[in-house]
Amino acid sequence: MTLKDHEGNGASNRPTSVALYNPALVEIKSRFYHDIRRYCIEKERIGTLEHFIDTIVRMHKLRNRDILLSYTDPFEKDELPITNDNNLRKAISTTKSMLRVQIFKQEDADLMFSRTSGTHDKRIGNIQISRPKEFRQVSAVVDADKLPQWKRRVKLLKHASDKPLGFFIRDGTNVSITDAGIEKVPSIFISRLLPGGLAESTGLLSVGDEVLEVNNISVEGKSLDQVTDMMIANAQNLIITVKPTSQPPKQNPRLNRPYASVQLRIKGGNPQDGSNSNPDQPYI
């Protein structure tokens with residue numbers, strides 16, 4: 001990333017490096033309370049919001065990345081939040097000559113939403129806008145274009161929360177009929193979802209889903225305790241690949257058709273109705 005840095009405490013002493021307009025560059029003036037920096041970044045190399053925050057942290061020599069960003073809308077002169085990649089692209093595309101970025105600590109989030117200076121219709125009244133931290137991504141489907149139809153890779157994000165992800169897993173047997181005959185394979189399944197928990201609220205995981213990978217590591221041949229430890233170790237940023245119970249069975253590579261049948265057997269409970277006769281099953 002190309003950066004041309006200038007430190008100052010005001011808008012004077014415009015640096016020569018950004019004096020001439022270059023459509024390939026975006027000039028940025030970022031303010032972290034009394035610390036003001038001016039620099040240029042190549043538009044095509046700004047990348048994601050995470051990369052942009054890395055640049056902000058480096059330019060202002062901040063000790064951590066626990067910050068909030070906003071920018072001044074060049075048309076309405078309002079202070080708008082930058083909370084995701086779309087916000088960032090919008091901020092860059094609408095800037096006329098200079099992108100003015102405000103940086104706040106998380107605990108000072110109220111300041112960011114008190115800096116609106118545009119004209120608003122009084123008939124609207126006081127509109128309460130939630131803070132960016134209340135809109136943090138909690139789940140996503142990953143690699144949907146790379147995986148076959150019968151697989152789903154789900155990312156669950158806790159954002160440093162102490163609350164569990166809200167699902168139980170059990171070991172069981174996956175029984176399928178192939179050209180080689182009947183095969184019984186030990187497997188791990190989601191046996192129950194906690195009502196109101198993160199896993200249930202995403203709508204991406206269901207009771208009976210077979211767990212195939214944890215953070216891109218196959219669970220084949222691993223015990224229930226091993227899989228539980230893998231999930232707990234990655235609980236803050238868990239990526240779980242499953243075979244959804246609602247998806248068709250995978251193709252038989254030899255016969256070029258689906259396996260004739262798939263049955264699910266889980267000890268101590270029926271995964272389809274979420275029953276749990278063994279309360280000691282691992283809770284993630």
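As the structure is a computational prediction, the values presented were derived from the model and not from experiment.

K.L.:
Which parts of the structure should I look at to understand the overall build of the protein chain?
P.N.:
Secondary structure summary: the protein chain contains five helices and 16 strands in total. The buried share of the protein chain, taken over its 284 residues, is 39%. Put simply, of all contacts in the protein chain between residues at least 6 apart along the chain, 58% involve residues at least 24 apart. Accessible surface for the protein chain amounts to roughly 16,700 Å². Of this, 48% is attributable to carbon and sulfur atoms.

K.L.:
Would you explain the pattern of salt bridges in this entry?
P.N.:
Any two side chains of opposite charge can pair, given that their charged atoms come close. If you walk through the whole model with that rule in mind, you get six salt bridges. Taking the shortest distance from any N to any O, the salt bridge between Arg 37 and Asp 35 comes out at 3.0 Å. Salt bridges sharing common partners tie together Glu 50, Asp 54 and Arg 65.

K.L.:
Would you mind showing me how to read the packing of aromatic side chains here?
P.N.:
Two numbers describe a pair of aromatic rings. These are the distance of the centres and the angle of the planes. Inspection of the entire model under this criterion finds two aromatic pairs. Their ring planes at 80° and their centres at 4.8 Å tell us that Phe 32 and Tyr 33 sit as a pair that is edge-to-face. A residue is classified by how much of its surface remains accessible, and Phe 32, at 16% relative accessible area, is buried. What makes Tyr 33 partly exposed here is its relative accessible area of 29%. Seen in terms of ring centroids, Tyr 33 and Phe 104 are 6.5 Å apart; in terms of plane orientation they differ by 80°. Their pairing is edge-to-face. Here the residue Tyr 33 occupies a position in the loop between strand 2 (25–32) and strand 3 (35–42), and Phe 104 occupies one in strand 6 (residues 98–105), the gap between them amounting to 71 residues.

K.L.:
Sorry if this is basic, but what is going on with the nonpolar core here?
P.N.:
What tends to happen in soluble globular proteins is that the nonpolar side chains get buried as a cluster. If you look at the biggest cluster of nonpolar residues, it comprises 24 residues, and the most contacted ones within it are Phe 167, Leu 205, Val 211, Val 214 and Met 231. For this core, the elements supplying multiple residues, two or more each, are strand 8 (152–157), strand 9 (167–178), strand 10 (181–193), helix 4 (198–202), strand 11 (210–214), helix 5 (224–233) and strand 13 (237–243). Top contributing element to this core by residue count: helix 5, with four residues. Excluding residues within four positions of it along the chain, Met 231 makes contact with Phe 167, Ile 169, Val 211, Val 214, Leu 238, Ile 240 and Ile 284. Ranked by size, the runner-up nonpolar core spans 23 residues in total, among them Val 26, Tyr 39, Ile 82 and Ile 103.

K.L.:
Mind showing me how you'd approach helix 5 here?
P.N.:
Residues separated by three or four positions in an α-helix point in the same direction, a consequence of the helix having 3.6 residues per turn. What helix 5 keeps buried is the set Leu 224, Val 227, Thr 228, Met 230 and Met 231. The buried residues of helix 5 occupy one face: seen down the axis, they fall within an arc of 160°. Turned more than 90 degrees from where helix 5 packs its buried face, Asp 225, Asp 229, Ile 232 and Ala 233 sit exposed. Where the residues of helix 5 are buried, they touch strand 9, strand 10, strand 11, strand 12 (217–218) and strand 13.

K.L.:
Looking at this structure, I do not really get the pairing of strand 9. What am I missing?
P.N.:
Looking down a regular strand, the side chains alternate between one sheet face and the other. Most of strand 9 sits out of view: nine of its twelve residues are buried. Across twelve bridges, strand 9 lies against strand 10 in antiparallel orientation. In the sheet register, Phe 167 faces strand 10, and the bridge partner there is Leu 193. Where strand 9 folds back onto strand 10 in an antiparallel hairpin, the turn is made up of two residues.

Rules used throughout
- Residues numbered from 1 in each chain as written.
- Predicted model: local features only at pLDDT ≥ 70, side-chain atom pairs only at ≥ 80, totals over all residues.
- Heavy atoms only, no water.
- Helix = DSSP H or I, 4+ residues; strand = E, 2+ residues; numbered from the N terminus.
- Buried < 20%, exposed > 50% of the residue type's maximum accessible area, 1.4 Å probe, protein only.
- Contact = heavy atoms within 4.5 Å.
- Areas by Shrake-Rupley, 256 points an atom, 1.4 Å probe, with all protein chains shown as cover.
- Salt bridge = Lys/Arg side-chain N within 4 Å of Asp/Glu carboxyl O.
- Phe/Tyr/Trp six-rings, centres within 6.5 Å; stacked < 30°, edge-to-face > 60°.
- Core = buried A, V, L, I, M, F, W, Y, C linked by side-chain atoms within 4.5 Å.
- Arc of directions from axis to C-beta.
- Pairing = 2+ DSSP bridges.

Shape descriptors only; they carry no functional weight alone.
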